[in-house]
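# Analysis of the macromolecular model
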Amino acid sequence: MKELRRTRWTVVLLLLTGCVASRGVERGLLLENVRLLDPENGAFSKPLDLLVEGDRIAAVGDLAPRAGVERLDMAGGYAVPGLWDCHVHLGYLASSEELDVDTVRAEFVRRGVLYVRDMGSPLLVVKELAARSGGPAVYYAGPMLEQAPLSPFLAQRNEGLPGLAQPVADAADVDRILDELVASEARLTKAFGTWDLELLDHYLAGAGESGLGVALDPGMPLFQGVPLVEALDRGVTSIEHAMSAWSEVLRDDLRARFDAIRSGGGGLPTQMPFTFEVMALGADSIDRDRFDAVAERFARSGALLCPTLSVADRWRSEPPPAPPGMSQAAWQECMRGFHAANVVLVTELARRGVPMLVGQDGFDPEGVLREMTLLESAGVDRAAILRGATLLPARWLGAEGDLGSLEPGRVADLLVLEADPLQSVANLRGPRLVVQRGRVVDTSTEK
Ligand SMILES: [Zn+2]
């Protein structure tokens, strides 16, 4: 039955893509008998009609067919606004020798992932990718910024991909870089690792004046250069990686040792053994009663959390090489614990209403779906997951008037599913129809 339906849809799509490419957009497109997601409230409408004119949604409701408008019966399918992947690094994709950049970009679109937030790539590389057609719209930060000198982790990555990161010397340097980002049409900026709070304040104020959203990646799993609560109180609006909250919710004995190590100033040689010990403890390192205060602070700040559970999940299944002096078996235990701790962080913060974005921290077209599945397994409400992949990123970028929902006047970016994604996020897989800027995308070659 499923096969039969798939064949029918494929035939419809083949017919469709033939017509629409040549004339559908100019004359309009009427999607009939389709349920529309209201991402704010996390509910679908009853089946109705949606009219596309040019690249915009012109009307929704019980609409009469119009002469010359292409009509498509969606058979009660479920329409969702175009999906966002809120944490990618396209710079790595562009530098890949095995992958064809445009093929991968097209794969994102076929899955209904029509926008990405690039959270660190060489500026000129990502700007060039953003200007190309045939892929998701790219909202980019350019390089990750860290107060000079770059941390060993970022310095090493920057050697592998020059321009991935940029050290910032002082306030004048911050001003110059922000001007460059604005001139290069960046829409956001990303701080990484360690900053003096005074310089961070200057950076945040400048970014705000320039209209750039600010995301912060704490860098280290526990010993963060800018503690989460400082970042939230100072106006960072997007916190990357669930582990950002870890040190705030350590159980008493670990927190006491953490504070002693941090104030002792011994640096990485004292921090890393403790970090590995806490990783191996996994969920046992966490005091679940501590989440109320953190969630309250999050809510008050209005910031979003982009958990990127995919990272710990990847490390759990394919651990990177063990650090010197540690057996691979002990390292695997650390990676398993790291993942378990990340899951608890997401579960507890989501349960208390911290709004979350969906992002994979990579460049895999399947990545956003995998991240959604991980969030679902961690107990995040499906309506919240869909909101974090549609409306919230649009709002974060100040693009809510154009993107993120299916109301008249919005850009016609959407996907139509056979089954309800509020029942299972797996229903987002293999959309039956993808519309990008009013044009039907050919999804028939999806593997
Ligand atoms: Zn990242």
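Residues numbered from 1 in each chain as written. Predicted model: local features only at pLDDT ≥ 70, side-chain atom pairs only at ≥ 80, totals over all residues.

Another aspect to go through is the overall build of the protein. Of the regular secondary structure elements, the protein holds 16 helices and 17 strands. At 23 Å, the protein has a C-alpha radius of gyration in line with the 22 Å of a compact globule built from 447 residues. Seen along its three principal axes, the alpha-carbon backbone of the protein occupies a region of about 75 × 45 × 45 Å. (Helix = DSSP H or I, 4+ residues; strand = E, 2+ residues; numbered from the N terminus. Rg over C-alpha atoms; globule rule 2.2 N^0.38 Å.)

A word on the pairing of strand β12 (residues 213-217). Counting buried residues in β12 gives five out of five residues, a clear majority hidden from the surface. Sheet topology places strand β11 (residues 188-192) next to β12; five bridges connect them, and they run parallel. Note on β12: the bridge partner recorded for F192 is D217. Between the parallel pair β11 and β12, the chain is carried across by helix α7 (residues 197-209), and the sense of this crossover is right-handed. (Buried ≥ 20, exposed ≤ 12 C-beta atoms within 10 Å, placed from the backbone. Pairing = 2+ DSSP bridges. Right-handed = clockwise from strand over helix to strand, strands pointing away.)

Spatial ordering of the open sheet is given by β10-β9-β11-β12-β13-β14, a layout of six strands whose pairing is parallel. The outermost strands of the open sheet, each flanked by one partner alone, are β10 (165-168) and β14 (304-306). Adjacent strand axes in the sheet meet at a mean angle of 30 degrees when their direction is disregarded. Inspection of the sheet shows strand β13 (residues 238-240) paired to β14 by three bridges, in the parallel sense. Paired with E240 across the strands is C306, a residue of β14. Those strands touched by helix α5 (residues 152-160) are β9 (144-147), β10 and β11, and its axis lies near 130 degrees from that of β10. (Axes fitted to C-alpha atoms, helices over the stretch in contact; angles between N-to-C directions. Contact = placed C-beta atoms within 7 Å.)

So, about the domain arrangement of the protein. Here the domain parsing of the protein yields domain 1 (2-81 + 404-440) and domain 2 (83-396). Placing the centre of domain 1 and that of domain 2 at their C-alpha centroids yields a distance of 33 Å. With 19 residues of domain 1 in contact, the opposing surface of domain 2 contributes 17 residues. Of all the secondary structure elements, the ones that give two or more residues to the side of domain 1 that touches domain 2 are β5 (70-81) and β16 (433-436). Broken down by class, the residue content of the side of domain 1 that touches domain 2 amounts to 12 nonpolar, four polar and three charged. (Domains from an automatic or database assignment. Nonpolar A, V, L, I, M, F, W, Y, C, P; charged D, E, K, R; others polar.)

Our focus in this paragraph is the nonpolar core. Counting residues in hydrophobic clusters, the biggest one holds 135 residues, and the most contacted among them are A79 and V346. Excluding residues that lie within four positions of it along the chain, A79 makes contacts with V34, R35, L36, L37, L50, L406, L414 and V416. (Core = buried A, V, L, I, M, F, W, Y, C linked by C-beta atoms within 7 Å.)

Below, the discussion takes up the pairing of strand β3 (residues 48-53). Strand direction decides the pairing type here: strand β1 (residues 29-38) and β3, joined by four bridges, are antiparallel. Across the sheet, the residue bridging to L29 is V52, located in β3. Here β3 pairs with strand β4 (residues 56-61) via five bridges, running antiparallel. Note that in β4 the partner of D49 across the bridge is G61. Linkage of β3 to β4, two consecutive antiparallel strands, is achieved through a turn of two residues, within which G54 is found at a positive phi near 60 degrees.

Take helix α12 (residues 309-317) next. Burial in α12 covers these residues: L309, S310, V311, A312, D313 and R314. Close packing links the buried residues of α12 with α13 (328-351) and α14 (367-377).

Attention shifts here to the environment of S301. Considering the arrangement of structural elements, one finds S301 in helix α11 (residues 291-301). Residue classification places S301 among the partly exposed residues on the basis of 19 C-beta atoms within 10 Å. Separated by 164 residues in the primary sequence, S301 and A137 place their C-alpha atoms 28 Å from one another. If near-sequence neighbours (up to four positions away) are discounted, S301 is found in contact with L232 and D233.

Whenever strands of a sheet pair, they do so through backbone hydrogen bonds, lying parallel or antiparallel. In spatial order, the strands read β6-β7-β8; together these three strands make up an open sheet with parallel pairing. Of all the strands in the sheet, just β6 (83-88) and β8 (137-140) have a single pairing partner and so form its edges. Direction aside, the axes of adjacent strands within the sheet are offset by 20 degrees on average. Of the pairings in the sheet, the one linking strand β7 (residues 113-118) to β8 comprises four bridges and is parallel in character. Along β8, the bridge assignment pairs D118 with Y140. Contacts from helix α4 (residues 123-131) reach β7 and β8, with the element oriented near 155 degrees to β8.

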